[in-house]
Amino acid sequence: MANVSHELRTPVCSIKGYSETLLEGALDDKNNAKDFLKIIYSDSERLAKLIDDILDLAKIESDNLALNLKPCNVKAIIQRIVSGMNIRAKSKLLEINIKISDGLPDIMADENRIAQVLVNLFENALKYTERGGISISAKEDGDFLQIAVADTGIGIPEKDMPRLFERFYRVDKARSKELGGTGLGLSIVKHIVYAHNGKVRVQSAQGKGSIFSFSIPKA
């Protein structure tokens, strides 16, 4: 509760402060008023995302997560997500490469939840990669299919690796908040993968990028 309260306090205080400034007369200054309203809107979006993630994580951690398990084609899910991410990638001059051959077996999974895992991993890769690109691959690993999202971003310090999947843990708190991170994305990834009886892994080196991978049972 202390962590949740702390995370909620920052955007709420910002919204309250800029609203008060507008009400006290800044509303008449059109240039500043527009900037203040943009900040209020941005913080309200961050607040909404944070609340959504908190509610989602609470549902997942309560063991009441109902999975709609069925055979799913991983390549089709990835292609759909990448098509939605391409505009953001191109705006940063980044390339997204799908390195998945046809003929891989389906996974037994909840398609919407696996899509949520992939979106979270893609968004992290986009946030922390400034040059190069992002690639996604999949391969069979015994009774599992292993999916990996690799980037050429800033990488993660070794000391932070053991805590990456903790709730609200951020490697760079200031930068993560600046980029709109809630600190819950990787925790949600972990719990969804575990709910599928899967595994999640990370490999990274500072300045050389990161590889987040997870394994899901084959159908």
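Coordinates for the structure precede this section.
Residues numbered from 1 in each chain as written. Predicted model: local features only at pLDDT ≥ 70, side-chain atom pairs only at ≥ 80, totals over all residues. Heavy atoms only, no water.

S.K.: What am I meant to see in the nonpolar core here?
M.R.: Side chains of a nonpolar character, in soluble globular proteins, are inclined to be buried together. Grouped together as the largest cluster of nonpolar side chains are 48 residues, with contacts concentrated most on Leu118, Phe122 and Phe214. Per element, the largest residue contribution to this core is 8 residues, and it comes from helix H4 (residues 111-127). Not counting chain neighbours up to four residues away, the residues in contact with leucine 118 comprise Ile77, Ile78, Ile81, Ile136, Ile147, Val149 and Phe214. One finds Leu22, Ala26, Phe36 and Leu47 within the second-largest nonpolar core, a separate group that totals 7 residues. (Core = buried A, V, L, I, M, F, W, Y, C linked by side-chain atoms within 4.5 Å. Buried < 20%, exposed > 50% of the residue type's maximum accessible area, 1.4 Å probe, protein only. Helix = DSSP H or I, 4+ residues; strand = E, 2+ residues; numbered from the N terminus. Contact = heavy atoms within 4.5 Å.)

S.K.: Help me understand the environment of valine 193 in this model?
M.R.: Tracing the backbone through its elements, the reader meets valine 193 in helix H6 (residues 185-195). Classification of valine 193 as buried rests on a relative accessible area of 0%. Sequence spacing of valine 193 and alanine 115 is 78 residues, and the spatial spacing of their C-alpha atoms is 11 Å. Excluding residues that lie within four positions of it along the chain, valine 193 makes contacts with Val117, Gly198, Lys199, Val200, Phe214, Ser215 and Ile216.

S.K.: Would you explain the pairing of strand E4 (residues 133-141) in this entry?
M.R.: Where a strand is regular, its side chains alternate between the two sheet faces. In the sheet, strand E2 (residues 95-99) pairs with E4 via 5 bridges, with the strands oriented parallel. Paired with glutamate 95 across the bridge in E4 is glycine 133. Both E4 and strand E5 (residues 144-151) contribute to a ladder of 8 bridges, which runs antiparallel. Note that in E5 the partner of isoleucine 134 across the bridge is aspartate 151. (Pairing = 2+ DSSP bridges.)

S.K.: Sorry if this is basic, but what is going on with the pattern of salt bridges here?
M.R.: The tally for this structure, following the rule as stated, stands at 10 salt bridges. In this structure, aspartate 56 engages arginine 113 in a salt bridge whose closest nitrogen and oxygen atoms are separated by 3.1 Å. Of the two residues, aspartate 56 is situated in helix H2 (residues 30-61) and arginine 113 in helix H4; the sequence distance between them amounts to 57 residues. Per residue, the accessibility class of aspartate 56 equals that of arginine 113, and both read buried. Here lysine 75 makes a salt bridge to aspartate 102, at a shortest N to O gap of 2.9 Å. Here lysine 75 is found in helix H3 (residues 74-91), whereas its partner aspartate 102 is found in the loop between E2 and strand E3 (107-109), with 27 residues between them in sequence. (Salt bridge = Lys/Arg side-chain N within 4 Å of Asp/Glu carboxyl O.)

S.K.: Looking at this structure, I do not really get the sheet that holds strand E7 (residues 209-217). What am I missing?
M.R.: Two strands in a sheet stick together by hydrogen bonds in their backbones, pointing the same way (parallel) or opposite ways (antiparallel). In space, the 5 strands of this open sheet follow the order E2-E4-E5-E7-E6, with mixed pairing throughout. Single-partner strands in this sheet number two, and they are E2 and strand E6 (199-205). For this sheet, the mean angle separating the axes of adjacent strands, direction not counted, is 15 degrees. Both E6 and E7 contribute to a ladder of 7 bridges, which runs antiparallel. Residue pairing for E7: arginine 201 is matched across the bridge by serine 213. With respect to the sheet, H3 is in contact with E2, E4 and E5, its orientation differing from that of E2 by roughly 170 degrees. (Axes fitted to C-alpha atoms, helices over the stretch in contact; angles between N-to-C directions.)

S.K.: How should the packing of aromatic side chains be read in this particular structure?
M.R.: In this description, an aromatic ring pair is defined by two values, namely the gap between the centres and the angle between the planes. As enumerated under the stated definition, the model contains 2 aromatic pairs in all. For the pair phenylalanine 165 and phenylalanine 212, a centre-to-centre distance of 6.3 Å together with 80 degrees between the ring planes defines the contact as edge-to-face. Of this pair, phenylalanine 165 sits in the loop between E5 and helix H5 (173-178) while phenylalanine 212 sits in strand E7; the two residues are 47 residues apart in sequence, bridging distant segments of the chain. (Phe/Tyr/Trp six-rings, centres within 6.5 Å; stacked < 30°, edge-to-face > 60°.)

S.K.: Can you walk me through the packing of H2 against H6 in this structure?
M.R.: When two helices pack together, you describe them by how their axes are tilted relative to each other and by the distance separating the axes. One can describe the packing of H2 onto H6 by two numbers: an axis separation of 10 Å at closest approach and a directional angle of 25 degrees. When the interaxial angle is binned, H2 and H6 end up roughly parallel. For the pair H2 and H6, the crossing hand works out as left-handed. Between H2 and H6, the contacting residues are Asp53, Leu57, Ile60 and Glu61 on the first element and Ser187, Ile188, His191 and Ile192 on the second. (Parallel < 35°, antiparallel > 145°, perpendicular 65-115°, else oblique. Left-handed = near helix turned anticlockwise from the far one by under 90°.)

On their own, these measurements won't tell you what the molecule is for.
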